[in-house]
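# Architecture and fold: a report
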Amino acid sequence: MEASPPSSPPELDAAERIILRWDSTVSEEARERMIFEGHRDEVDRYLHAVDEIQRSMSNASLTSEDEQAKLNSAIQIAMARLEDEFRNILLNHTSPIEPDSLNADPSSSSSSHHFSASNSAEFDVDDYAADDEGSGTPKSAPADELLRRRDSSNTSSYRSTSSIRELDLIPSEAVIDLRNIAERMIAAGYLRECIQVYGSVRKSAVDSSFRRLGIEKLSIGDVQRLEWEQLEDKIRRWIRAAKACIRIVFASEKKLCEQIFQGIGTAIDDACFMETVKGPAIQLFNFAEAISISRRSPEKLFKILDLHDALLDLIPDIDSVFESKSSESIRIQAAEILSRLAEAARGILSEFENAVLREPSRVPVPGGTIHPLTRYVMNYIALISDYKQTLNELIVSKPSTGSRYSGDPTTPDMEFAELEGKTPLALHLIWIIVILQFNLDGKSKHYKDASIAHLFMMNNVHYIVQKIKGSPELREMIGDDYLRKMTGKFRQAATSYQRATWVKVLYCLRDEGLHVSGSFSSGVSKSALRERFKSFNAIFEEVHRAQATWLVPDSQLREELRISISEKLIPAYRSFLGRFRSHIESGKHPENYIKYSVEDLETAVLDFFEGYPVSQHLRRRSN
């Protein structure tokens, strides 16, 4: 409003009459009609009357005390009326944002991962053990560094962020009316009333958008009392909703505040914006804060990382939308939550390592097959490798192992010198594999038979190797050198199994001890030979009966192991049979000693490692 000469008494009287005419406390017509819903001439006359009163009041020295009292009364009536008109315009033009408009990122698809015990043969370690724009802040940045990024920003800079999409919440004609009213209310000293009316109406609109986005009013305590399965779904929905809230809802509210209030007074647009969105913003971020300080457990890691990445992606937009001094608390809260989510991820990884090391189950798995812990851990670290971009920024220190634990028999050592050049994250993954093997080695000692203990280690180390090979990201981080070392370990376990089992079988097929010599002749001791065949039959039958129930779940490994057994057993038996068959067949009841043909043994080997019992007796050789 431009300054004008003081009003003459007739003009002032006319202005007062217009003000009084629309006094809803005394006029039925004023109560039933709204000025700004009528003819524009009426609107202009009323605004002009208010201007006349305000100009006269600013020149109080030219008016008497009685006149000043009349002016004060008139301006109070006018402000009460304008407050009602302001509220009515806001209400008439406030409608929920259409659902299609709340899609903050229609082209993107979430890379969220789900991890639960169902990924790992129903095993849970807790059962056993205690940017879209490429301009985001580095993930390891502390909260104060995140806040410094917007110190020199101006009010229009956030519109250059392509992810922000401002909507016109109110038609331009209504915005002009609201601005005209706001100018006069603020000039008359009714700033607080103006802000309160604006905030109450627009906050209701924001609350409506929140409901459409599925954002619930949950306190931090409410969130922490929910089961994790419920929270997983809520985190997915929160990530989608937070993008819409920051980039559309809050950004559009900021734009509306600027359209109505910018330039009227000092930071009044910011004050109205915070009056509108501070409560909803705190409600929005309380959920993420509750997750960041919740009890840590391994299954939470991947959702926490999803939440971290989503919030990190939003930080530039949060800094832009909440750029003013009055909204600094929102920026601080977002930055601190991001920092706590990063710390939670680091803490969970450390606790997971300790849980794997201390997992105390002592009951051997039947058949020497893959332990549920092995499946769980390898599925877990394969998923970790999918998040390597984030975790490489968050994990900046080596595992707590090495020389610190030297001499501790309950913890393995790991030589970092052999792994020079690896990222801290890669070292953590290798360390998890090291402690997994250490734990498995301890479990193998609970088998009473050394053969199945070696088979158990072979199965589990082979599974670890195959999981590494099956994940390009994991293989890249672990490295082929360490993979070759692991491959050597499972082959060594396979060799140890064969020695423990088959040396005693093949020992029966040796020549030593069968030959006798005397003063007149030398030959074969038939009694010793009969005992040798009987020993072979008994030992092989025992091995066959037991190891048919053992399990090698990988079909290729199972076949390779059978071939290796056959390559040792079949030629040795064929040769022994060829040399000594005639000595047995020339005596009585040869079928009691030569019970099996070479073909019988070849067939019997095919029963090995299938995981189920076979007939008590091998199929006898055909005559």
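Fair warning: this is a prediction, and the values are worked out from it, not measured in the lab. (Residues numbered from 1 in each chain as written. Predicted model: local features only at pLDDT ≥ 70, side-chain atom pairs only at ≥ 80, totals over all residues. Heavy atoms only, no water.)

Turning our eyes to something else, we now look at the overall build of the protein. Per the secondary structure count, the protein includes 22 helices and 2 strands. By the burial criterion, 51% of the 623 residues in the protein qualify as buried. Accessible area of the protein: about 29,400 Å², with a carbon and sulfur share of 48%. (Helix = DSSP H or I, 4+ residues; strand = E, 2+ residues; numbered from the N terminus. Buried < 20%, exposed > 50% of the residue type's maximum accessible area, 1.4 Å probe, protein only. Areas by Shrake-Rupley, 256 points an atom, 1.4 Å probe, with all protein chains shown as cover.)

This brings us to empty space enclosed by the protein. Volume-wise, the largest cavity comes out at about 150 Å³. If you go around the largest cavity, the residues you meet are L213, G214, I215, E216, L218, K234, R237, W238, A241, Q283, L284 and F287. Counting residues per element, the lining of the largest cavity draws most heavily on helix α10 (residues 228-261), at 4 residues. Among the residues making up the lining of the largest cavity, the classes are represented as 7 nonpolar, 2 polar and 3 charged. In this structure, the second largest cavity occupies an estimated 50 Å³ of space. Considering the residues around the second largest cavity, the lining is formed by S361, R362, V363, P364, V365, H371, K443, H446, Y447 and F456. In the lining of the second largest cavity, the residues fall into 5 nonpolar, 3 polar and 2 charged. (1 Å grid on protein atoms, 1.4 Å probe; cavity = no way out; pocket = protein on both sides within 12 Å on 5 of 7 lines; lining within 4 Å. Points joined across faces, edges and corners; volume = space filled by probe spheres on them. Nonpolar A, V, L, I, M, F, W, Y, C, P; charged D, E, K, R; others polar.)

To describe a pair of aromatic rings, one takes the distance between the centres and the angle between the planes. All told, the structure shown has 21 aromatic pairs when counted by the stated rule. Judged by centre distance (5.7 Å) and plane angle (80°), the rings of F250 and F322 are edge-to-face. A residue pair is termed long-range when its members are at least 10 positions apart, and F250 in helix α10 and F322 in the loop between α12 (301-321) and α13 (328-358) qualify at 72 residues. We note that F250, like F322, is buried. (Phe/Tyr/Trp six-rings, centres within 6.5 Å; stacked < 30°, edge-to-face > 60°.)

Another aspect to go through is the packing of α13 against helix α14 (residues 372-386). In a packed pair of helices, the relevant descriptors are the angle between the two axes and the axis-to-axis distance. For the pair α13 and α14, the least separation of the axes is 12 Å and the interaxial angle reads 160°. Taken together, the axes of α13 and α14 are roughly antiparallel relative to one another. Seen along the crossing, α13 lies across α14 with a hand that is left-handed. Of α14, the residues touching α13 (which contributes I348, L349, F352 and V356) are L373, Y376, V377, Y380 and I384. Here the residues of the contact of α13 with α14 are counted per class, giving 9 nonpolar, no polar and no charged. (Axes fitted to C-alpha atoms, helices over the stretch in contact; angles between N-to-C directions. Parallel < 35°, antiparallel > 145°, perpendicular 65-115°, else oblique. Left-handed = near helix turned anticlockwise from the far one by under 90°. Contact = heavy atoms within 4.5 Å.)

Below, the discussion takes up the pattern of salt bridges. Counted by the stated rule, this structure contains 38 salt bridges. Here D177 ties to R40 by a salt bridge, and the two come within 2.8 Å at their closest N and O atoms. D177 gets classed as buried once you look at its relative accessible area, which sits at 8%. In this structure, R45 and E42 form a salt bridge, with 3.1 Å as the shortest nitrogen-oxygen distance. You can see R45 and its partner E42 sitting in helix α3 (residues 40-58), 3 residues apart, about one turn around the helix. Here R45 falls in the partly exposed class, since its relative accessible area comes to 42%. In this structure, a network of salt bridges that share partners links the residues D51, R179, E183 and R184. (Salt bridge = Lys/Arg side-chain N within 4 Å of Asp/Glu carboxyl O.)

Here the focus is unusual backbone geometry. The backbone of F609 shows a phi angle near 65°, a positive value even though the residue is not glycine. Assignment of secondary structure puts F609 in the segment after α22 (598-605).

Right, let's talk about the nonpolar core for a bit. One finds F86, F250, F261, L284, F285, F322 and I384 to be the most contacted residues of the largest nonpolar core, which totals 185 residues. If you tally residues by element for this core, the top one is α10, at 18 residues. Ignoring anything within four residues of it in the chain, the contact list for F261 reads F86, R179, A182, I186, C194, Y198, I268, D269 and C272. (Core = buried A, V, L, I, M, F, W, Y, C linked by side-chain atoms within 4.5 Å.)

Below, the discussion takes up the packing of helix α7 (residues 172-187) against helix α8 (residues 191-213). Running from amino to carboxyl end, α7 crosses α8 at an angle of 140°, the nearest separation of the two axes being 7 Å. Across from A182, M185 and I186 in α7, the residues of α8 making contact are L191, E193 and C194.

Turning our eyes to something else, we now look at helix α21 (residues 555-585). The axis of α21 is deflected most strongly, by about 45°, at R579. Of the residues that open α21, the one with a side-chain oxygen 3.2 Å from the backbone nitrogen of Q556 is D554. (Bend = angle between axes of the 7 residues up to and from the residue. Polar contact = N/O pair within 3.5 Å; in protein donor to acceptor, adjacent residues only side chain to side chain.)

Under the definition given, this model contains 0 disulfides. In this model C194 remains outside any disulfide bridge; the closest cysteine sulfur is found in C272, 5.8 Å from its own. Accessibility expressed as a relative area gives 0% for C194, which makes it buried. (Disulfide = S-S within 2.5 Å.)

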